[in-house]
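In case you want the letters, here they are:
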Amino acid sequence: MIRRITFAWLLFAAALGGFSLDPPSPPTYGVRMENQWIPMKDGVRLSVTLYVPEGGKLAEKFPAILEYHPYRKDDAMAAGDYSLYSYFARRGYVCARVDIRGFGASEGIPTDREYSQQEQADGSQIITWLAHQPWSNGNVGMMGISWSGFNSLQMAMLHAPELKAILATAATDELFHDDIHFIDGMVHIDEFELNMDMAPGMTGAPDYTLDEKILGPRFDAPPWSLLYLKHQHDGSFWRSPVRPLSEIKIPSFLIGGMMDGYRDSIPAMLEQTKAPIKAIVGPWNHSYPSDGDFGPQFEWRAEAVRWWDYWLKGRETGVLQDPKLLVYVRHWYPPDMTLETIPGEWRREDAWPPPEAKNTTLFLQANHTLANSPAETATHQLAYVPSVGVEAGFWWGELLPDVRPMDAFSLVYDSAPLEEDLAILGRPHALLQASATAPLANWFARLSDVAPDGAVTQITGAGISGAQRESMTEPRDLEPGKTYALDISMHLASWVFPKGHRIRVAISNALWPMILPTPYSMSTSLELGGDHGSHLVLPVVPLHAPPVSPFLAPQPSDQRSDMRSQGAVLPGKWSVTHELKERTTTAYWNGKSEEWYPWGKETDYENLTYTADDNHPETCAVQGEARTVFELKGRTLTWQGHLSLTTDRTNFYYKYTRELLKDGQMIKTKTWQETVPRDHQ
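Residues numbered from 1 in each chain as written. Predicted model: local features only at pLDDT ≥ 70, side-chain atom pairs only at ≥ 80, totals over all residues. Heavy atoms only, no water.

Caption draft 1: Spotlight on the sheet that holds strand β9 (residues 252–257). Spatially, β1-β2-β4-β3-β5-β6-β9-β10-β11-β12 is the arrangement adopted by the 10 strands of the open sheet, whose pairing is mixed. One side of each edge strand has no neighbouring strand; the edge strands of this open sheet are β1 (30–39) and β12 (344–349). Here the strands of the sheet are splayed against their neighbours by 20° on average, with no regard to which way each runs. With 6 bridges joining them, strand β3 (residues 62–69) and strand β4 (residues 94–99) adopt parallel strand pairing. What sits directly across from Leu66, in β4, is Ala96. Relative to the sheet, helix α9 (residues 265–272) contacts β9, β10 (277–282) and β11 (325–330), its axis offset from that of β10 by approximately 155°. (Pairing = 2+ DSSP bridges. Helix = DSSP H or I, 4+ residues; strand = E, 2+ residues; numbered from the N terminus. Axes fitted to C-alpha atoms, helices over the stretch in contact; angles between N-to-C directions. Contact = heavy atoms within 4.5 Å.)

Caption draft 2: Focus on the packing of aromatic side chains. What the rule picks out here adds up to 35 aromatic pairs. With 5.8 Å between their ring centres and 50° between their planes, Trp284 and Phe298 make a pair best called tilted. Taken together, the positions of Trp284 in the loop between β10 and α10 (300–313) and Phe298 in the loop between β10 and α10 put the pair 14 residues apart, joining distant regions of the chain. Trp284 sits in the buried class, given a relative accessible area of 0%. Assessed through its relative accessible area of 2%, Phe298 is described here as buried. Taken together, Tyr71, Phe103, Tyr115, Trp147, Phe150, Trp224, Tyr262 and Trp395 form an aromatic cluster joined through their ring pairs. A cation over a ring is seen here: Arg564 above Trp596, with NZ or CZ 3.8 Å from the ring centre. Taking NZ or CZ as reference, Arg627 lies 4.4 Å from the ring centre of Tyr605, over its face. (Phe/Tyr/Trp six-rings, centres within 6.5 Å; stacked < 30°, edge-to-face > 60°. Buried < 20%, exposed > 50% of the residue type's maximum accessible area, 1.4 Å probe, protein only. Lys NZ or Arg CZ within 6 Å of the ring centre and 35° of its normal.)

Okay, here's the thing in structure tokens:
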């Protein structure tokens, strides 16, 4: 393995024209795990697992790499953490995995929300503690995916003096518009609510104590889904954990995927952050590049070592000569949810937006085509069908089926067959002149590739709440019948449309169950015609770019011999049923995983049921259940959470019940039930 990595490194150095470089740190150390306590100023202790390089020189100093989140480092995440962090420990880094206070093995009461002031204050103390350990060289990096990518960005915004660089994967700073509570500013309920509303009530491995002093405050911690439902538009609640991206002053390595819901943060940081940035955007969903559900995959940890070596060890590994952005431009593939590799090519961009990108405008025409010239004046109307959208998936990503069933209930506009291949890279825009017969309506625009055989592959899309047309902070009712200019900025996309294919844009007013329906029966209209009529803007780039040096293939990872797993909660399984006479639609989702530890077995079950009624859009429902069963020596503990959300025209009706059973007998239960007024949702 070392020979392969060294050879690849020599190729990379040669590509830089003989620039004098240090090779990345080789895997010369063993790995030792240590569990310690990190004391906070208020007396609470946070639990840390240190992955320590072993076999080094006497009194050798190492940088620290921190990952910090609530996802239970001692059971659910333990095997994966070891595979990840042993890689860096073997190359001379002390890796620290810390449970947020009130979660897993850490002491204290659970924080009152994601990315709380307490979480950030604790994070600053953790960084200082790591920088002043006897083994430390004083430099700390922070990294992670999803939650720990989010708080890596946030801690960089807070300028902790010992934090020298970050690596954030699948992360964003836009907590209202981009995160999964209000996707594109509209209500979204998914598996995360089930998982995180149950998680605070669970005590840490391997003891899973039932001591009321520890269990009680955790079990009684209010569910976050209720808190978030009370903040239905942007504002201070969502903005308080973050600062402007321009506030990030330290080097940032960003990794994202064209099928990840948080990918828009990367072009935003490239535009707004002045600190050194290295970014890689591949084809993946919510995963690291080496372990996605589909490829091409690569050994991103080798790139991470080069990054950390430069910023934390002072080794000249050439990262400042790296492209600012390496992005995977997807080529056409048929709609296929089982695809293993996305066709395409890597390209280098040293500025954003790409200097060679040119906006190409296609006008929506009266005959439902797309053309370069403005359209004749026309009005197209669309009946609102609340249950439209099941083919669009979990969020704005994923491998999807053919979306023609969704297009059948949308306003659809197709280009003529292309006379030559066409490449796009960036964020397409649908600029609509739209009206509704109701005071609240959502609009969704989806960009797709139509093959000669009629198959439709969705590329990207986005939505906008009509109430948020001018401000996500101060939403306002629509005036029925009034035409409004709407700019739907679709999520970051790369694509090559082949010759003979058609470009399609589809406009609808529902994207259920990703987004909960608006509550009014209505129709909506698009106005066409003239230079300002409804149109599509595509960021067109040259078909080919200079070749990019190949990445290393994924390398084998160290595995814990005392743990194993089977299955995964995500992506889970979906099914849909339609009651044709009643015009109701129900979508079902479920997932299951099993883990075996030295002290017992954990089984996780989750399921969601979504219901929509096309005759009564004001009535929709989401029912969900999460259950975690620990089969331990001499006892079985079961934590359960039950979520119910129903609606009428004016309110959300929320109910959540948390339960704990011992050997099948209920020993603890608590319910939260509340009516929450709808606030332009």
